[in-house]
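The lines below spell out each chain.
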Amino acid sequence: MLSSRVTAAISSSTTTTLFINNPKILSNKFSYISNPLNNSAKSIKWNCRNSRMEKSASSFVTRASAQPLTNPGELIDSVETFIFDCDGVIWKGDKLIDRVPETLDLLREKGKRLVFVTNNSTKSRKQYGKKFETLGLSVSEEEIFASSFAAAAYLKSIDFPKDKKVYVVGEEGILKELELAGIQHIGGPEDGDKKIELKPGYMMEQDKDVGAVVVGFDRYFNYHKIQYATLCIRENPGCLFIATNRDAVTHLTDAQEWAGGGSMVGAILGSTKREPLVVGKPSTFMMDYLANEFNIQKSQICMVGDRLDTDILFGQNGGCKTLLVLSGVTSVSMLQDPKNSIQPDFYANKISDFLSIKATAV
């Protein structure tokens, strides 16, 4: 059960983090939220005139270059829990990556807790459970954490008012999680067919009861949604701008990369000049939630992902061990580029590299 204690951090683009407690700055420069469970934080309530959050205290550590995973058994033995990204790690599009079932079975046999975290907000936890099942993987709903769920959980954690609504730029997953949380919402896929006729004197009117706009990946994104979200954020007092993620690309199919949720967020950022609150990776919101939900020490977690700026940063921000896999968006050359400042603890080709411990044992 989440408390209403929330803290926030403003991340710079370098390896350092700047923490600001200036309301004037926070209103325009807001990035990743963290640690809603920290009892030392001030209690935060939704406020129609001042919906901002307080500071957090944390810092990045300069890390040595990533090492190839030459001893997977040692890493497995050093942690209790593995958190896996999904797209590019478990599957690509609707195609399972080679030898994933055997790898997950091995880790379960060794008594490891497995958790699956995805920035893709198009599905709810229940819908993702069905996708795992379709791909032949036995994963419970309680082991799945999508950014659609994170958006709803965050709003609950700040006691979002019952009489306020959320305008959704996104797909069914966000709507379903908001419904489960008892939060009123409008928008979503049904606005995908709406068009604007720019006749002389025409003005769009937004619902004045919208207290938050949640933006996620949206295959039905259009100008109506941009304008409606913009009006809510700019004109409704205290309206929150929440992003499920800012991923530049995603894997809709296994054939190529496709523009990700960050492109939808960027359009609304451009029209509002407001930075969103990001509840998905690399925000530590989901990490804190998971640690509390399962009573896990973060030092006993290994985050496994294919993206440096979301998955690996997510793990590092949370104080976890990190493993980059090269089965998704990141290549060795990208990892070793001198301009790249995000270095995981280890890197491997695929999660099936863990299976080498079986071959060693034979």
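Look a little higher up for the structure.
So, here's what we can say about the structure. Because the structure is a prediction, the values reported are computed rather than measured. (Residues numbered from 1 in each chain as written. Predicted model: local features only at pLDDT ≥ 70, side-chain atom pairs only at ≥ 80, totals over all residues. Heavy atoms only, no water.)

1. Describing the nonpolar core
Among the nonpolar cores identified, the biggest contains 36 residues, and Ile83, Phe145, Leu155, Val166, Leu178 and Ile242 are the most heavily contacted of them. Looking at this core, the elements that each hand over two or more residues are β9 (113-118), α5 (147-157), β11 (165-169), α6 (172-180), β13 (210-215), β14 (240-243), α9 (285-294) and β18 (301-305). Among the elements that line this core, the one with the most residues is α5, at seven residues. Here Phe145 is in contact with Val115, Phe116, Val117, Thr118, Arg125, Met286, Tyr289, Leu290 and Phe294, once residues within four sequence places are set aside. In terms of nonpolar packing, the next biggest core, distinct from the first, is built from 33 residues, Phe84, Leu106, Leu107 and Ile357 among them. (Core = buried A, V, L, I, M, F, W, Y, C linked by side-chain atoms within 4.5 Å. Buried < 20%, exposed > 50% of the residue type's maximum accessible area, 1.4 Å probe, protein only. Helix = DSSP H or I, 4+ residues; strand = E, 2+ residues; numbered from the N terminus. Contact = heavy atoms within 4.5 Å.)

2. Digging into the pattern of salt bridges
With the rule as written, the count across this model stands at 15 salt bridges. Here Lys194 makes a salt bridge to Asp191, at a shortest N to O gap of 2.8 Å. Between Lys199 and Glu197 there is a salt bridge, with the nearest N and O atoms lying 3.9 Å from each other. According to the relative accessible area criterion, Lys199 is exposed, its value standing at 53%. Connected through shared salt-bridge partners, Asp85, Lys281 and Asp311 make up one network. (Salt bridge = Lys/Arg side-chain N within 4 Å of Asp/Glu carboxyl O.)

3. A closer look at the packing of α5 against α9
Direction vectors running N to C along α5 and α9 enclose 80 degrees, while the axes themselves pass 11 Å from each other. Taken together, the axis directions place α5 and α9 in an arrangement best described as roughly perpendicular. Facing α5, whose interface residues are Phe149, Ala150, Ala153, Tyr154 and Ser157, α9 presents Phe285, Met286 and Tyr289. Tallied by class, the residues present in the contact of α5 with α9 amount to seven nonpolar, one polar and no charged. (Axes fitted to C-alpha atoms, helices over the stretch in contact; angles between N-to-C directions. Parallel < 35°, antiparallel > 145°, perpendicular 65-115°, else oblique. Nonpolar A, V, L, I, M, F, W, Y, C, P; charged D, E, K, R; others polar.)

4. Side note on the side chain of Lys281
Within the fold, Lys281 resides in the loop between β17 (277-278) and α9. A relative accessible area of 1% places Lys281 in the buried class. Side chain to side chain, Lys281 and Asp85 meet in a polar contact 2.7 Å long. A distance of 3.4 Å separates a polar side-chain atom of Lys281 from the backbone oxygen of Val117. If we skip the residues at most four places from it in the chain, Lys281 touches Asp85, Val117, Thr118, Asn119, Met286, Met303, Thr310, Asp311 and Phe314. (Polar contact = N/O pair within 3.5 Å; in protein donor to acceptor, adjacent residues only side chain to side chain.)

5. Looking at the packing of helix α7 (residues 223-235) against helix α8 (residues 261-272)
Orientation of α7 relative to α8, taken along the N-to-C sense of each, is 50 degrees, at an axis distance of 9 Å. Compared by their axis directions, α7 and α8 come out oblique. In this structure, the crossing between α7 and α8 has a hand that is right-handed. Here Ile226, Ala229, Thr230, Ile233 and Arg234 of α7 lie close against α8, whose contacting residues are Ala267, Ile268, Ser271 and Thr272. A per-class count over the contact of α7 with α8 returns five nonpolar, three polar and one charged. (Left-handed = near helix turned anticlockwise from the far one by under 90°.)

6. Brief notes about the sheet that holds strand β5 (residues 67-68)
Strand pairing in a sheet relies on backbone hydrogen bonds, with the paired strands running either antiparallel or parallel. Across the sheet, seven strands lie side by side as β5-β20-β19-β18-β6-β9-β10; this open sheet has parallel pairing. The open sheet has two edge strands, β5 and β10 (144-146), and neither has a second partner. Sheet analysis places strand β6 (residues 81-84) next to β18, joined by four bridges and oriented parallel. For Phe82, the partnering residue across the bridge sits in β18 and is Cys302. In this fold α9 packs onto β6, β9, β10 and β18, with an angle of close to 150 degrees to the strand it touches most, β9. (Pairing = 2+ DSSP bridges.)

7. Describing the pairing of β9
Of all six residues in β9, five are buried, a share of seventy percent or more. Two strands pair when backbone bridges link them, and β6 and β9 are joined in this way by four bridges, in the parallel orientation. Bridge pairing in β9 places Thr81 opposite Arg113. Handedness of the crossover joining β9 and β10 through helix α4 (residues 125-134): right-handed. (Right-handed = clockwise from strand over helix to strand, strands pointing away.)

8. Re α8
The α-helix advances 3.6 residues per turn, and as a result positions three or four apart in sequence lie on the same side. With twelve residues, α8 ought to run about 16 Å at 1.5 Å a step, and its terminal C-alpha atoms sit 17 Å apart, in line with that. Within α8, burial applies to Gly261, Gly262, Met264, Val265, Ile268, Leu269 and Thr272. Looking straight down α8, one finds its buried side chains confined to an arc of 160 degrees; they lie on one side. Contacts from the buried residues of α8 go to β11, β13, α7 and β14. Two residues or fewer after α8 comes Lys273, characterised by a positive phi angle close to 60 degrees. (Expected span 1.5 Å × (residues − 1). Arc of directions from axis to C-beta.)

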